[in-house]
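Structural overview
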Amino acid sequence: MRDPFPFPPIPALAKASQSWADRLSFPTLPLHIHEVIGAAAFYTFVHVVVSPVVSNLFFSKYYPKHSRSKKANWDTHVVSLVQSTLINALALWVMYADKERSAMDFEQRIWGYTGASGMIQALACGYFVWDLGVTLLNFDIFGFGLLAHAVSALVVYSFGFRPFLNFYSTTFILYELSTPFLNIHWFCDKLNMTGSRVQLYNGVALLVTFFCCRLLWGTWQSAVVYKDMWQAVHRAPSPEYIQSYYNTISSIIDAENVMLFAAKPEPVPKWLALLYVASNVTLNTLNWYWFFKMVTAVRKRFVPKEEMETTTTKKEKLETVGSSAEKGAKANTTATEQRTKRPVAINKSRRTNSIKDLVPDNEELREGTIQ
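Note that the structure is predicted; figures quoted are calculated from it, not measured.

1. Comments concerning the packing of aromatic side chains
Taken as a whole and judged by the stated rule, the model has 23 aromatic pairs. Geometrically, the ring pair formed by Tyr-43 and Tyr-127 is edge-to-face, given 5.5 Å between the ring centres and 85° between the ring planes. Of this pair, Tyr-43 sits in helix α2 (residues 29-58) while Tyr-127 sits in helix α6 (residues 115-137); the two residues are 84 residues apart in sequence, bridging distant segments of the chain. With 6.0 Å between their ring centres and 75° between their planes, Phe-106 and Trp-111 make a pair best called edge-to-face. Here Phe-106 falls in the buried class, since its relative accessible area comes to 8%. Each residue in the set Phe-42, Tyr-43, Tyr-127, Phe-128, Trp-130 and Tyr-157 is aromatic and connected to the rest through ring pairs, giving one cluster. The aromatic ring of Trp-20 is capped on one face by Arg-23, whose charged end is 5.3 Å from the ring centroid.

In structure tokens form, the structure reads like this:
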């Protein structure tokens, strides 16, 4: 399938990027450089213009105008919400409409290329370019962890321009299906909607999509890509296989020639396979860890009342122990503390239906896919 992006490659921009593409062995980069730059510019516009204007217009009471760190967090969540919604819709459409991608075999999944998958990969890279820039400019706010995430995501997705695993660009971007719900959860807290029905229903959707997309789908597809890469490290497509895709020589990209950029494919370098597997395993491990944290948080919503009753019983027993003045003083102190803390216990009881802290904060999961 040809690149469905509404604007064709800009010749001057493609020519300017050719030297970098040659140095990095990214032959498809000139075909998508306008999408990378366009996506980075679009998300910058959302960050700098759209988020402040819309937030001030509709949420002026809550938008943190005077706190640099809180404002940066708010604006980046807006961008994350826009990006995850957009890229998910496009990826699902490409997976449905790209017939060449659907028919790919092992060799094509590793060395093959379609313009539609290249577009998804380029738009993701554009987002990661924006993410890297924002993280560097606000390093004191976001820290080293998010900087490392931005760099690794950009590097891993950039390898698709070799092309390498172009097929899987749409597959793993679907990790982002849970991200819109994660951002909505975050905004519910900021808009004083913690414990509301909106946040409750959104929390259920978040858990379901997180489990289905990141754990079930992600783990299954990771096993598939590991199997493909194991074969790719040990052998390359045969010359006869490649020759079957080169019946004619043309400078025009044939939408059906998915092996156009694999004229002389070699086995995948071990360092490249290890880098990809290490990044993927790290992300999958974090996904499982975060999900079990979510489950633990949900279970705790049903325990606070029982824990408070147990604590109260123990404190009442302490009040009756001992007859000395010291023990009496301690008992009085314990009783005083009990009376002081009882309103807090009541508040906790009232929040049993809340899903605040149900999941890790978005700063931990921002851009969640190997991206």
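2. Brief notes about empty space enclosed by the protein
All told, the structure shown has 1 cavity of 30 Å³ or more when counted by the stated rule. Estimated volume of the largest cavity: approximately 130 Å³. Looking at the largest cavity, it is lined by 13 residues, and the ones nearest its centre are Val-156, Tyr-157, Leu-165, Ser-169 and Tyr-276. Listing elements by their share of the lining of the largest cavity, those giving two or more residues are α7 (139-158) and α8 (168-173).

3. Focus: the pattern of salt bridges
In a structure, side chains of opposite charge can pair up when their charged atoms sit close to one another. Per the counting criterion, the structure on display carries 4 salt bridges. A salt bridge links Asp-75 to Lys-71, with the nearest nitrogen and oxygen atoms 3.1 Å apart. With a gap of 4 residues between them, Asp-75 and Lys-71 both fall in helix α3 (residues 68-97), about one helical turn apart. Owing to a relative accessible area of 2%, Asp-75 belongs among the buried residues under this scheme. Between Asp-228 and Arg-109 there is a salt bridge, with the nearest N and O atoms lying 2.7 Å from each other. Here Asp-228, found in helix α10 (residues 197-234), pairs with Arg-109, found in helix α5 (residues 106-111); they are 119 residues apart in sequence, far enough to count as distant. On the accessibility criterion, Asp-228 (2% relative accessible area) is buried. Residue classification places Arg-109 among the buried residues on the basis of a relative accessible area of 19%.

4. Observations concerning a nonpolar patch on the surface
Judged by side-chain polarity, Phe-45, Val-48, Val-49, Val-53, Val-54, Leu-57, Phe-58 and Phe-59 come together as a nonpolar surface patch covering roughly 760 Å² of accessible area. Note on placement: Phe-58 falls in helix α2.

5. Side note on the side chain of His-47
Structurally, the position occupied by His-47 is in helix α2. In contact with His-47, not counting residues within four places along its chain, are Pro-52, Asp-75, Thr-76, Val-79, Trp-130 and Val-134.

6. Things to note about the nonpolar core
The biggest cluster of nonpolar side chains holds 68 residues, and the ones touching the most others in it are Ile-110, Phe-164 and Val-268. Broken down by element, this core gets its largest block of residues, 12 residues, from α6. Of all hydrophobic cores here, the second largest spans 5 residues; its members include Leu-215, Trp-290, Phe-291 and Met-294.

7. A word on helix α9 (residues 179-190)
The end-to-end C-alpha separation of α9 is 17 Å, in line with the 16 Å expected for 12 residues at 1.5 Å each. The buried fraction of α9 is high, at 9 of 12 residues. A positive phi of about 60° marks Asn-192, the residue just after α9.

8. Looking at the UniProt feature "transmembrane region" (unreviewed entry) in the protein
Mapped onto the present numbering, the UniProt feature "transmembrane region" (unreviewed entry) falls on residues 36-58, 78-98, 110-129, 141-161, 167-188, 200-220 and 271-292. Helix makes up 95% of residues 78-98 and strand 0%, with an end-to-end C-alpha separation of 30 Å. As annotated, residues 110-129 has a helix share of 85% and a strand share of 0%, and its two end C-alpha atoms lie 24 Å apart.

9. Things to note about α7
Look at α7: only 23 Å from first C-alpha to last across 20 residues, short of the 28 Å you get at 1.5 Å a residue. Considering bend angle alone, the principal kink of α7 is centred on Gly-145 and spans about 65°. Within α7, burial applies to Phe-142, Gly-143, Leu-146, Leu-147, Ala-150, Ala-153, Leu-154, Val-156, Tyr-157 and Ser-158.

Reading guide: rules and limits
- Residues numbered from 1 in each chain as written.
- Predicted model: local features only at pLDDT ≥ 70, side-chain atom pairs only at ≥ 80, totals over all residues.
- Heavy atoms only, no water.
- Phe/Tyr/Trp six-rings, centres within 6.5 Å; stacked < 30°, edge-to-face > 60°.
- Helix = DSSP H or I, 4+ residues; strand = E, 2+ residues; numbered from the N terminus.
- Buried < 20%, exposed > 50% of the residue type's maximum accessible area, 1.4 Å probe, protein only.
- Lys NZ or Arg CZ within 6 Å of the ring centre and 35° of its normal.
- 1 Å grid on protein atoms, 1.4 Å probe; cavity = no way out; pocket = protein on both sides within 12 Å on 5 of 7 lines; lining within 4 Å.
- Points joined across faces, edges and corners; volume = space filled by probe spheres on them.
- Salt bridge = Lys/Arg side-chain N within 4 Å of Asp/Glu carboxyl O.
- Patch = residues over 30% accessible without salt bridge, like charges linked within 9 Å, V, L, I, M, F, W, Y side chains within 5 Å.
- Areas by Shrake-Rupley, 256 points an atom, 1.4 Å probe, with all protein chains shown as cover.
- Contact = heavy atoms within 4.5 Å.
- Core = buried A, V, L, I, M, F, W, Y, C linked by side-chain atoms within 4.5 Å.
- Expected span 1.5 Å × (residues − 1).
- UniProt positions renumbered as here; feature names shortened; annotations may be inferred.
- Bend = angle between axes of the 7 residues up to and from the residue.

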